[in-house]
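One letter stands for each residue in the lines below.
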Protein chains: 2
Amino acid sequence: MEMNLEELCKKAHDVRTKVGMLDAEIKNRTLCKAADALLAHEEEILLANGKDMENGRKNHMPEGLLDRLALNHDRILGMADGLREIAKLDDPIGEVLSMKKRPNGLIIGKRRVPIGVIGIIYEARPNVTADAFGLCFKSGNCAILKGGSDAIHSNIAIVSAMQEALFSMEIPDGALSLIEQTDRETTNRFMQMKQYVDLLIPRGGNGLIQSVVNNATIPVIETGTGNCHVYVDEFADFDMAVNIIKNAKTQRIGVCNACESIVVHRAVAKEFLPKLYEALEESQVELRGDDYAVECLGKELPLVKKAEEDDWGMEYLDYILSVKVVDSVEEAINHINTYNTSHSETIITKDYDVSQKFLDEVDAACVYVNASTRFSDGNEFGFGAEIGISTQKLHARGPMGLEALTSYKYIIYGNGQIR
Amino acid sequence: MEMNLEELCKKAHDVRTKVGMLDAEIKNRTLCKAADALLAHEEEILLANGKDMENGRKNHMPEGLLDRLALNHDRILGMADGLREIAKLDDPIGEVLSMKKRPNGLIIGKRRVPIGVIGIIYEARPNVTADAFGLCFKSGNCAILKGGSDAIHSNIAIVSAMQEALFSMEIPDGALSLIEQTDRETTNRFMQMKQYVDLLIPRGGNGLIQSVVNNATIPVIETGTGNCHVYVDEFADFDMAVNIIKNAKTQRIGVCNACESIVVHRAVAKEFLPKLYEALEESQVELRGDDYAVECLGKELPLVKKAEEDDWGMEYLDYILSVKVVDSVEEAINHINTYNTSHSETIITKDYDVSQKFLDEVDAACVYVNASTRFSDGNEFGFGAEIGISTQKLHARGPMGLEALTSYKYIIYGNGQIR
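What counts and how
- Residues numbered from 1 in each chain as written.
- Chains lettered and ligands numbered in written order.
- Predicted model: local features only at pLDDT ≥ 70, side-chain atom pairs only at ≥ 80, totals over all residues.
- Heavy atoms only, no water.
- Helix = DSSP H or I, 4+ residues; strand = E, 2+ residues; numbered from the N terminus.
- Rg over C-alpha atoms; globule rule 2.2 N^0.38 Å.
- Buried < 20%, exposed > 50% of the residue type's maximum accessible area, 1.4 Å probe, protein only.
- Contact = heavy atoms within 4.5 Å.
- Areas by Shrake-Rupley, 256 points an atom, 1.4 Å probe, with all protein chains shown as cover.
- Lys, Arg positive; Asp, Glu negative; His and termini not counted.
- Charge placed at Lys NZ, Arg CZ, Asp CG, Glu CD.
- Least-squares fit on C-alpha atoms with pLDDT ≥ 70 in both.
- Pairing = 2+ DSSP bridges.
- Axes fitted to C-alpha atoms, helices over the stretch in contact; angles between N-to-C directions.
- Patch = residues over 30% accessible without salt bridge, like charges linked within 9 Å, V, L, I, M, F, W, Y side chains within 5 Å.
- Salt bridge = Lys/Arg side-chain N within 4 Å of Asp/Glu carboxyl O.
- Polar contact = N/O pair within 3.5 Å; in protein donor to acceptor, adjacent residues only side chain to side chain.
- Phe/Tyr/Trp six-rings, centres within 6.5 Å; stacked < 30°, edge-to-face > 60°.
- Lys NZ or Arg CZ within 6 Å of the ring centre and 35° of its normal.
- 1 Å grid on protein atoms, 1.4 Å probe; cavity = no way out; pocket = protein on both sides within 12 Å on 5 of 7 lines; lining within 4 Å.
- Points joined across faces, edges and corners; volume = space filled by probe spheres on them.
- Nonpolar A, V, L, I, M, F, W, Y, C, P; charged D, E, K, R; others polar.
- Parallel < 35°, antiparallel > 145°, perpendicular 65-115°, else oblique.
- Left-handed = near helix turned anticlockwise from the far one by under 90°.
- Buried area = accessible area lost by both parts, 1.4 Å probe.

Undergrad: Is there a simple way to explain the overall build of chain A in this structure?
TA: Helix and strand counts for chain A stand at 14 helices and 16 strands. Here the C-alpha atoms of chain A give a radius of gyration of 24 Å, agreeing with the 22 Å that 2.2 N^0.38 yields for 419 residues. For chain A, the C-alpha atoms occupy an extent of roughly 70 × 65 × 35 Å along the three principal directions. Classification of the 419 residues of chain A by burial places 60% in the buried group. Sequence separation of at least 24 residues holds for 72% of the intrachain contacts in chain A that already meet a minimum separation of 6. Accessible surface for chain A amounts to roughly 16600 Å². Of this, 47% is attributable to carbon and sulfur atoms. Of the side chains in chain A, 45 bear a positive and 64 a negative charge, and the two mean positions are spaced by 7 Å.

Undergrad: Teacher, can you tell me more about the relation of the copies chain A and chain B here?
TA: Mapping one chain copy onto the other needs a rotation about an axis and a shift along that axis. With an axial shift of 0.0 Å and an RMSD of 0.0 Å, the rotation relating chain A to chain B amounts to 180 degrees. What the rotation and shift describe, once combined, is the action of a two-fold rotation axis. Using C-alpha coordinates, one finds that chain A approaches the rotation axis most closely at H395(A), a distance of 1.8 Å. Comparing contact sets, 100% of the residues at the interface of chain A also lie at the interface in chain B, consistent with an isologous, same-surface contact.

Undergrad: What am I meant to see in the side chain of D363(B) here?
TA: Tracing the backbone through its elements, the reader meets D363(B) in the loop between α14 (352-361) and β13 (366-371). Judged by relative accessible area, which is 12%, D363(B) ranks as buried. What D363(B) contacts, discounting residues up to four positions off in sequence, is R16(A), N337(B), N340(B), S342(B), K393(B) and R397(B).

Undergrad: Explanation requested: the sheet that holds strand β12 (residues 344-348) of chain B in the structure shown.
TA: Strand pairing in a sheet takes place through backbone hydrogen bonds and is either antiparallel or parallel in direction. Spatially, the 10 strands line up as an open sheet ordered β1(A)-β2(A)-β16(A)-β13(B)-β12(B)-β7(B)-β8(B)-β11(B)-β9(B)-β10(B), and their pairing is mixed. Only two strands of the sheet have a single partner each, and these edge strands are β1 (96-101) of chain A together with β10 (304-306) of chain B. Across the sheet, the mean angle from the axis of one strand to that of its neighbour is 25 degrees, orientation sign disregarded. In terms of strand pairing, strand β16 (residues 406-417) of chain A meets β13(B) through 5 bridges, oriented parallel. In the strand pairing of β13(B), I412(A) is matched with Y368(B).

Undergrad: Hey, could you run me through a nonpolar patch on the surface in this one?
TA: There is a patch of nonpolar side chains on the surface, built from V96(B), M99(B) and I107(B) and spanning about 220 Å² of accessible area. The exposure class assigned to I107(B) is partly exposed, which follows from its relative accessible area of 31%.

Undergrad: When you look at the side chain of S390(B) in this model, what are you seeing that I'm missing?
TA: Residues and elements named next belong to chain B. Structurally, S390 is set in strand β14 (residues 388-390). Its relative accessible area of 0% is what places S390 among the buried residues. One polar contact links the side chain of S390 to the main-chain carbonyl oxygen of A396, over a distance of 2.5 Å. Not counting the four nearest positions on each side in its chain, S390 is found in contact with I221, E222, T223, A365, A396, R397, G398 and M400.

Undergrad: Would you take a moment to explain the packing of aromatic side chains for this structure?
TA: The geometry of an aromatic ring pair is captured by the separation of the ring centres together with the interplanar angle, meaning the angle of the planes. In total, this model carries 14 aromatic pairs over all chains according to the counting rule given. Between F381(A) and Y410(B) the ring centres are 5.0 Å apart and the planes differ by 85 degrees, which places this aromatic pair in the edge-to-face class. Note that F381(A) is positioned in the loop between β13 (366-371) and β14 (388-390) and Y410(B) in strand β16 (residues 406-417), a pairing that runs across two chains. With respect to burial, F381(A) and Y410(B) carry one shared label: buried. Lying over the aromatic face of Y408(A), K110(A) brings its terminal NZ or CZ to 4.3 Å of the ring centre.

Undergrad: Is there a simple way to explain empty space enclosed by the protein in this structure?
TA: To find leftover empty space, one rolls a probe the size of a water molecule over the atoms. Across all of its chains, the model carries 1 cavity of 30 Å³ or more by this definition. In this structure, the largest cavity is lined by 20 residues; those nearest its centre are P219(A), V220(A), I218(B), P219(B) and V220(B). The class makeup of the residues in the lining of the largest cavity is 12 nonpolar, 4 polar and 4 charged.

Undergrad: Help me out: how do you make sense of the pairing of strand β2 (residues 107-114) of chain B in this one?
TA: Residue and element names in this part refer to chain B. Of all the 8 residues making up β2, 6 are buried; the element is thus mostly covered by neighbouring parts of the structure. Bridge count for strand β1 (residues 96-101) against β2 is 5 bridges, and the pairing is antiparallel. Across the sheet, the residue bridging to V96 is R111, located in β2. Linking two consecutive strands that pair antiparallel, namely β1 and β2, is a turn of 5 residues; a positive phi of about 95 degrees is found at G105 within it. Strand direction decides the pairing type here: β2 and β16, joined by 8 bridges, are antiparallel. Across the sheet, residue I108 finds its bridge partner in β16, namely I412.

Undergrad: When you look at the packing of helix α13 (residues 329-339) of chain A against helix α14 (residues 352-361) of chain A in this model, what are you seeing that I'm missing?
TA: Packed helices, taken two at a time, are described by their axes: the angle between them and the distance between them. Residue and element names in this part refer to chain A. Look at α13 against α14: their axes get within 11 Å of each other, and the N-to-C directions meet at 25 degrees. Regarding the angle of α13 to α14, the classification is roughly parallel. Considering how the two elements wind past one another, α13 and α14 form a crossing that is right-handed. Contact residues: V329, E330, I333, I336 and N337 in α13; V354, K357, F358 and E361 in α14. Class assignment of the residues belonging to the contact of α13 with α14 gives a composition of 5 nonpolar, 1 polar and 3 charged.

Undergrad: How should I be thinking about the interface of chain A and chain B in this particular structure?
TA: The accessible area lost on association of the parts is a frequent measure of interface size. Between chain A and chain B, the contact holds 73 residues from the first and 74 residues from the second. When the area that chain A buries against chain B is broken down by residue, the three leading residues are L394(A), Y410(A) and R419(A), summing to 14%. Between the two partners, chain A and chain B, sit 8 salt bridges. Counting only elements with at least two residues in the side of chain A that touches chain B, the list comes to α1 (5-20), β2 (107-114), α9 (206-215), α10 (238-250), α14, β13, β15 (398-400) and β16 of chain A. With 11 residues, β16(A) is the single largest residue contributor to the side of chain A that touches chain B.

Undergrad: Just to check I follow, could you spell out the pattern of salt bridges for this structure?
TA: In total, this model carries 51 salt bridges over all chains according to the counting rule given. The shortest N-O distance in the salt bridge between R112(A) and E403(A) comes to 3.5 Å. Taken together, the positions of R112(A) in strand β2 and E403(A) in the loop between β15 and β16 put the pair 291 residues apart, joining distant regions of the chain. A relative accessible area of 46% places E403(A) in the partly exposed class. The shortest N-O distance in the salt bridge between E95(B) and R112(B) comes to 3.5 Å.

Treat this as a map of the structure, not an account of what it does.
This is the structure:
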C-alpha cells in the first residue's frame, strides 16, 4: 500500500488542524491503545525484524548496529511502556502563555499550539519509530517518519500496529505516516516538502544530520553531536573531578552527552593528571594530550598519546579523551568555545568568580558547575521524555521535551478596533 | 577597506561572547551615541545617498522603490530616533526564565542569552541598516548586514557613522559589519557561513525570502508575505465589517498586514457586498469575486471583476480584494487555511461559538475577532520595536520584538553529581 510521497505529506498537512485539536483524553487513550497494539502484534513485528536482521547480517552490518536494530519481547515491551509514559505527561497544547489588554482595548493572548506536521529522519533503530510518533502525537502534531532502509520491515510492522490503534480511535489517517521508499532521492524530495511539512528533526549520526541540514528547505532542528568538555580548574576538588570525568567518560560510551575532552589548569596538571590516569586505567581510557599533558602523565605509559590538531574537535564515542592544559580559565573557555559542538560543558572548581565566568562565557546548550555532563537528558531535566538534544540556538536548545514540539499563535479579541 | 567574507563572519563569531556580555547601560549609551553619529554625519550620508539615487534613476528604478531609497534630514532623524527608542527598551538578556531543583540536588536554570551572530539580508531601504543593527545590538547579538546593491553607498556611510560610535565606546569591532560586495555569489556564500552565523533574517519581498530559504544552510526565520483575510460571518455587524475591511485594505496599501482577501457567508452576501462596494468605491478598490459574489455585487459595476484561481493566493499590495462566498464557517476556515500565508486573519461575528471555532482552527500567526489585521505589528503588540513578522512556526511566530532575537542556555549548579 505504498503512497506517492507528495500525497502522503499532503494528507498529513490536511488533517493537521483536526489532530491539533484533539482533547488530551483522546490522545492519551490512543497512546495506550497503540501500546496495546504493539504487544498484540508482537509476533508480526518480530518476524519483520527477523528479515531486517537477516539482511543486516548479509550486508555485514557491524555488531553495534545489529544490536540497535534487534527487537525482542523486552524491547517491544519497552516501546509500549514508552508510549504509556508519554500518555501520563501533561498535555502542552492550549496553554495561554500570556494575555494582556492593550491601551486600545485589544486583548492579545499567546496560546501554545502544535507545530503541525513534523518529519523525523532517523537510522536503523526501530524503537525511535514508536517513540517519535508518541511525542509528536501527544503534542498535537502529525508525524511523518522516515527510518533507515535497514529497519524498513520492522518499521512497517510497528507503524501498521499503531495505525490500527489510531483507526479504532477514529484519529484522522494522516496523524501517523511512514515513508516506505528508503532511497536517497525520495529522502531528498521529502526534505523539500515545505508546503506540507513544518519541521524536520534528524536523529542519528553526524553524516545524517549534515545531509539534512544541507538539503532541506524545511526548517531543521539539529540534534546530537556532542564534543563535551570537563574543565578541571586550579581550584578543583580532585576527587570530585576524577569522579565526574570517570562518570562522564565511561558510564555510557556511545552517547552525545559523554565527555570527549578534558581541559586542565597548568597549576594542577602535574598533580591531577596521574590521579586521573590511575582512575581511568581500569576502563582502558586512552589519553591524548598536548605536550605538557604528556609530560605530566609520562609518555612511556601505555595509554598516553600525543594529541593531533584533529583531536580537539573529535567526538570519539570511544574510550579516548583529549587532554589540553591551559594557563587560565579564559584560555579554557576559549578552547572550549573553539572546539565544542555547543552541547554540554562542565567546570570543576571551588572558586565562586571562576564558576560564574564559566557559566556566563561558555557557549553551549548546557553549562554545568561541579556535575557530570551525562545529565543533559530530557528525563534528567524533568521533561519526562525527550525527542533529542538540540545543538542549535533557534527554537529549542538542549534537551527537547514536548514543549519543543510546539509553537504559539496570537489570539486577539477586539470589538471593532481599526488603525 | 573591504574584507574577505569569511574573515568578516569569523570576526563577528569571535567577539560574540564579549558582545553578548555587555551591560545594558553600555549598550544603551552606545545606541544613543550611534544616533548622535548619524546626525553628525548627515552630510556624508546624504551625499552617498545622492549617488545611489542617481544610479537608481539611471537604472530606471520604479518611483516606489526610489522613494524607499531616498534619505533626507527627516528620515535620518527618524533613524536616530529609532535607535534612541531601542535604547529605552528593557534589556532581554540575562533573565532566568525558570529555575528548579531536581531530586538529585542539581539546580537547573534556563537563562536568556543572545543568539550570537545574526545576518540580515534586505533590499534597498537604508533605514533598515540602522534599525536592524539597533535591535541586534540591544539583544546582545553581532549583526552582519547585507543590503541591496542599489543602496550600497548609503549603507556604507550609515554603517561607518555607527561604527565610529561603537569604536568610541570600545565595543568589539565585529559587533556590526556590512558586507560591501553585493554580487549574488557573495550573497550565496554568506548564506552558507554556518560555522560563524547562527541565524539569517531576510527582510523584503517574496523573491528575496524564497532565495534565502532555498540557498541557506544557516537557520532562517521567514518574514513578510501576508495574504490576510477578513471573514464576514452570517452573524456579523455590517458597519463594523465595512469599517474593518476598509481600514485593513486601504489604510496602508503596501504592507504585509493589509487585507488582501475577504470571505463572506452566503446568508449575508447579497445584503453586505453592495454596502462594502459603496464604502470602498472612493478608494477605487477593485473586487475580484467568485460567481455568486459577482452576482451579488452586479457584474456591470466598473470595479467588479471575476476572480481567477490565482487570485485566492495573491498578495496584491494594491487596491484590489478577492471575494469568496462560503456556506459555513467551516468552509471559510478551510478556504483561509488553504490560501493564506499564515500571517493574520480576522473574523467579524457576534456569535460566541463561531468566534471560538475561528480562533481555534485558523492556522496563522495572528488570529483576530472583530479587529483589523493591521494591528499585527511589534509596536501595536507592545514590543516597542520589531525586526519583522515571522510567518513560520519555528522559534518565533508573528511580530518579533527583541525576545525573538534571543535563545536560552541551561545553567546547572551541582556539588559533585554523577549518573
